[in-house]
Structures are given as C-alpha cells and as structure tokens.
Amino acid sequence: MTTRVPPRIPLAIRPRIDVAMPGSAMVLAAGLGKRMRPLTATRPKPLVEVAGRTLLDRALDRVEAAGIPQAVVNAHYFADQIDAAVAARPGPLSIRVSDERAQLLETGGGVVKALPLIDADPFFVINADNMWIDGSADTLRLLAQRWDPAAMDALLLLVPLARATGYDGRGDFHLDPAGVVSPRGEFRIAPFVYSGIQLIAKHLFDGEPAEPFSVWRAWNKALAQDRLYGAVHQGLWFHVGTPASVGETEGLLATA
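J.: Teacher, can you tell me more about the overall build of the chain here?
T.: Of regular secondary structure, the chain possesses six helices and 13 strands. Taking 2.2 N^0.38 as the reference for a compact globule, 256 residues should give roughly 18 Å; the C-alpha atoms of the chain span a radius of gyration of 19 Å, in line with that estimate. In terms of its C-alpha atoms, the chain occupies a principal-axis envelope of roughly 75 × 40 × 40 Å. Classification of the 256 residues of the chain by burial places 48% in the buried group. Here the contacts in the chain between residues at least 6 apart in sequence split such that 74% fall between residues at least 24 apart. Computed over 26 positive and 27 negative side-chain charges, the inter-centroid distance for the chain is 4 Å.

J.: Where do I start with the nonpolar core in this structure?
T.: Val73, Phe124 and Leu140 are the most contacted members of the largest nonpolar core, which totals 40 residues. Looking at this core, the element that brings in the most residues is helix H1 (residues 55–65), giving four residues. Setting aside residues up to four positions removed in sequence, phenylalanine 124 forms contacts with Met21, Pro22, Ser24, Ala25, Met26, Ile68, Leu140, Leu143, Ala144, Gln198 and Leu199. With 28 residues, the next largest nonpolar core counts Phe123, Ala154, Ala218 and Leu223 among its residues.

J.: Just to check I follow, could you spell out the pattern of salt bridges for this structure?
T.: Enumeration according to the criterion identifies 14 salt bridges in this entry. Note that arginine 101 and aspartate 99 form a salt bridge whose closest N and O atoms lie 2.5 Å from each other. The closest approach of N and O atoms between glutamate 208 and arginine 217, which form a salt bridge, is 2.9 Å. The exposure class assigned to arginine 217 is partly exposed, which follows from its relative accessible area of 32%. Within this structure, Arg53, Asp57, Asp61, Glu64 and Arg89 form a network of salt bridges that share partners.

J.: Quick question: what am I supposed to make of the packing of aromatic side chains here?
T.: Each aromatic ring pair is described using two quantities: the centre-to-centre distance and the angle formed by the ring planes. Inspection of every chain in the model, using the stated rule, returns five aromatic pairs. Judged by centre distance (4.6 Å) and plane angle (65°), the rings of tyrosine 77 and phenylalanine 78 are edge-to-face. Given a relative accessible area of 30%, phenylalanine 78 falls into the partly exposed group. Ring centres of phenylalanine 173 and tryptophan 219 lie 5.8 Å apart, and the angle between their planes is 65°; this geometry places the pair in the edge-to-face category.

J.: What exactly am I supposed to notice about helix H6 (residues 243–255) here?
T.: An α-helical segment advances 3.6 residues per turn. Residues three or four places apart therefore align on the same side. Among all positions of H6, only Ser245, Val246 and Thr249 are buried. The buried residues of H6 occupy an angular sector of 105° when projected down its axis, which confines them to one face. Among the exposed residues of H6, those pointing more than 90 degrees away from its buried face are Ala244, Ala254 and Thr255. On the buried face of H6, the contacting elements are strand E2 (49–50), strand E7 (130–133) and strand E13 (236–239).

What counts and how
Residues numbered from 1 in each chain as written. Predicted model: local features only at pLDDT ≥ 70, side-chain atom pairs only at ≥ 80, totals over all residues. Heavy atoms only, no water. Helix = DSSP H or I, 4+ residues; strand = E, 2+ residues; numbered from the N terminus. Rg over C-alpha atoms; globule rule 2.2 N^0.38 Å. Buried < 20%, exposed > 50% of the residue type's maximum accessible area, 1.4 Å probe, protein only. Contact = heavy atoms within 4.5 Å. Lys, Arg positive; Asp, Glu negative; His and termini not counted. Charge placed at Lys NZ, Arg CZ, Asp CG, Glu CD. Core = buried A, V, L, I, M, F, W, Y, C linked by side-chain atoms within 4.5 Å. Salt bridge = Lys/Arg side-chain N within 4 Å of Asp/Glu carboxyl O. Phe/Tyr/Trp six-rings, centres within 6.5 Å; stacked < 30°, edge-to-face > 60°. Arc of directions from axis to C-beta.

Purely geometric numbers; function is a separate question.
As structure tokens, then:
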C-alpha cells in the first residue's frame, strides 16, 4: 500500500489574502500642501519625494500591488505636473485624472466629481500624503476581506494614536468591539487616527453636488445608521505633512 504524501506548501512571510478586490481606487492629490512649504512652492505635495520616490507613486504602487486594475487621481495645484507624473508611470495600472483645475473641491466634492470615472462599488479612497507599511499581509486586501455590505457603508483604516508617526492631533475615532466607529466628540482625546485609507460605498454620495465639502458629510450619513466601521492597521503608518516629517519618515524607513 502506497501512502500519498501531500505536497508541501512553502511558507510565506506575507501570506496572500484571496479575496475579490474592488476594481478601482481614488488617490486624493489635489490639495495645496501649504504646511509642506517651501517644498510645495514649485510642485504639488503628492510629488514630494520620500526616500527617492514620490508620495503619489508610493500610493499608486500599493494600489497596483493589491491587484486593483484602475486608479483615479484628482489634480488641482500644479495639475500639469500630476498629469505628467501619471502619464510617465509604467506598468499595468490604468490611471485616469479627475481635473479640478477650475475649483478645488476638498475630499468629498473631489470624490463626487470623480465618480463617473470610478468603475467600482465600493471603491478605495486614499490620501496621497500618508504612507504605510503592511503588517503580516497586504493592507488593502485585508480591508477588502473585512468589507461586509450588509453591515457597513464605509470601512476606515485606523491607526492607534500611539503609533501614528508624524501626526500631532488628538485622535479622530473610538472603536467598539464590533468594529463600529464613533467620532472623538466632546472627549479630549480619541485612541485612533484615521489613516487616510478607506473603502466606501458610492451611494453615500448620492445627491451630493460637485462642490467643496468634506468627506465627513458622507461619513455622517453612515454614522447615523451605525454603518461606519473601522479596522486597525497592523503595520507602520506615517503622516507626511511637513518638510520636517519627510526627513523623519526617511530615517524611520531606513531602520524599518
């Protein structure tokens, strides 16, 4: 009698999460970057380099690595430079630019204007001035795995305040054991910071005009129905908002 020996499966340092990924991600890149001056005197903030690679490219690299086929990037400040940077990217990722030259629309209005270019529901929204290093698995895939359309309209990636490198605020959210988030509110401090990465349903923007407004308007709709959820990031996260934070982040990346 011959005993069959099952094939050995090689150990993976970063196990792959097999999940159906949303087909599109929007990278918010239209801001004025005032706190990043003088580095943004001649270029938009997303084209500031950290350790030899722009913030925009780093965000798009993560989108591509997660297997998302399409990205939308909005552009306002030095929009021609954003156009050129997108056109120069090699690789399979399809990238469209949402043009906000006429008016800067903030986080919520920028998403509304870009919706006709976004071929997915839900879809990722990623702030270009944040950087992250995955924990044990791909962060965007983990968010997609945790997405539950029956329970949630938005899923925010949250970072513990104590591990929010480059962040100088008082925190943004509380998180209950079921994963439902609530804003800091009247409390002096909240234990979690919004990372600038979320998975969100299109219908939260139904009826909204393409005018300047914060994404909080969409979040408040989800909060009213207890459908705003959070997931805690297990890796490293950096808010790159000032010239000093560029050097700080580069130093930490060198030792990560």
